[in-house]
Amino acid sequence: MITIDSLKAYGANVDEGLGRCMGNEALYLKLVATIPSEERFALLKEQIEADNLDGAFESAHALKGVTGNLSLTPLYDPLVEITEHLRLREAIDYSELLTAILDQKIKLEELINSSKV
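Residues numbered from 1 in each chain as written. Predicted model: local features only at pLDDT ≥ 70, side-chain atom pairs only at ≥ 80, totals over all residues. Heavy atoms only, no water.

Visitor: Which parts of the structure should I look at to understand the overall build of the protein chain?
Guide: Along its length, the protein chain carries seven helices and zero strands. In the protein chain, the succession of α and β elements from N to C terminus is α-α-α-α-α-α-α. Relative to its length of 117 residues, the protein chain is compact, with a C-alpha radius of gyration of 14 Å against a globular reference of 13 Å. Residues counted as buried form 42% of the 117 residues belonging to the protein chain. The long-range share in the protein chain, meaning contacts at least 24 apart out of those at least 6 apart in sequence, stands at 59%. (Helix = DSSP H or I, 4+ residues; strand = E, 2+ residues; numbered from the N terminus. Rg over C-alpha atoms; globule rule 2.2 N^0.38 Å. Buried < 20%, exposed > 50% of the residue type's maximum accessible area, 1.4 Å probe, protein only. Contact = heavy atoms within 4.5 Å.)

Now the structure itself:
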């Protein structure tokens, strides 16, 4: 099972996230464990590849909200950045930001899966 200490090592602001869960550690860890399976990560990638900036904004904004509420800073920070670019419908290369987001998602997923042993 994923632990508070492993999330701290990952870079999450666990105290803040726990505060939003009213100190309920079991609830917090359960919610964190759902993040890697969030379908909006794949949708965000597809929308960016299809140059669907409106759809990509919606996906990024939703992911930003959930990762922000759980204080998953390594995921949240690049999601904030990509969301703001998408909000402005900037015609830029989003691949670097998308890679940073997906890499952090994989790191979190590996952390969760390694904790299930």
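Visitor: Would you mind showing me how to read the environment of tyrosine 28 here?
Guide: Mapping tyrosine 28 onto the fold places it in helix 3 (residues 25-34). Each C-alpha atom of the pair tyrosine 28 and leucine 88 lies 33 Å from the other, and the pair is 60 residues apart in sequence.

Visitor: Got a minute to help me understand helix 4 (residues 40-49) in this structure?
Guide: Three or four residues apart is the spacing at which side chains of an α-helix point the same way, because the helix has 3.6 residues per turn. Those residues of helix 4 that sit buried are Phe41, Leu44, Gln47 and Ile48. Seen along its axis, helix 4 keeps its buried residues to an arc of 130°; they face one direction. Against helix 5 (53-69), helix 6 (73-87) and helix 7 (95-114) lie the buried residues of helix 4. Where helix 4 ends, the next residue or the one after it, aspartate 51, has phi of about 60°, a positive value. (Arc of directions from axis to C-beta.)

Visitor: It is not clear to me how the packing of helix 6 against helix 7 should be interpreted in this structure. Could you clarify?
Guide: Axis angle and axis distance: for two packed helices, these are the angle between their axes and the distance between the axes, and together they describe the pair. Two numbers describe how helix 6 lies on helix 7: the axes approach to 9 Å, and their chain directions differ by 155°. With respect to each other, helix 6 and helix 7 are oriented roughly antiparallel. Of the two possible hands of crossing, helix 6 and helix 7 adopt the one that is left-handed. In contact with Pro74, Leu75, Pro78, Leu79, Glu81, Ile82 and His85 of helix 6, helix 7 contributes Leu97, Leu98, Ala100, Ile101, Gln104, Lys105 and Leu108. Its residues assigned to classes, the contact of helix 6 with helix 7 shows ten nonpolar, two polar and two charged. (Axes fitted to C-alpha atoms, helices over the stretch in contact; angles between N-to-C directions. Parallel < 35°, antiparallel > 145°, perpendicular 65-115°, else oblique. Left-handed = near helix turned anticlockwise from the far one by under 90°. Nonpolar A, V, L, I, M, F, W, Y, C, P; charged D, E, K, R; others polar.)

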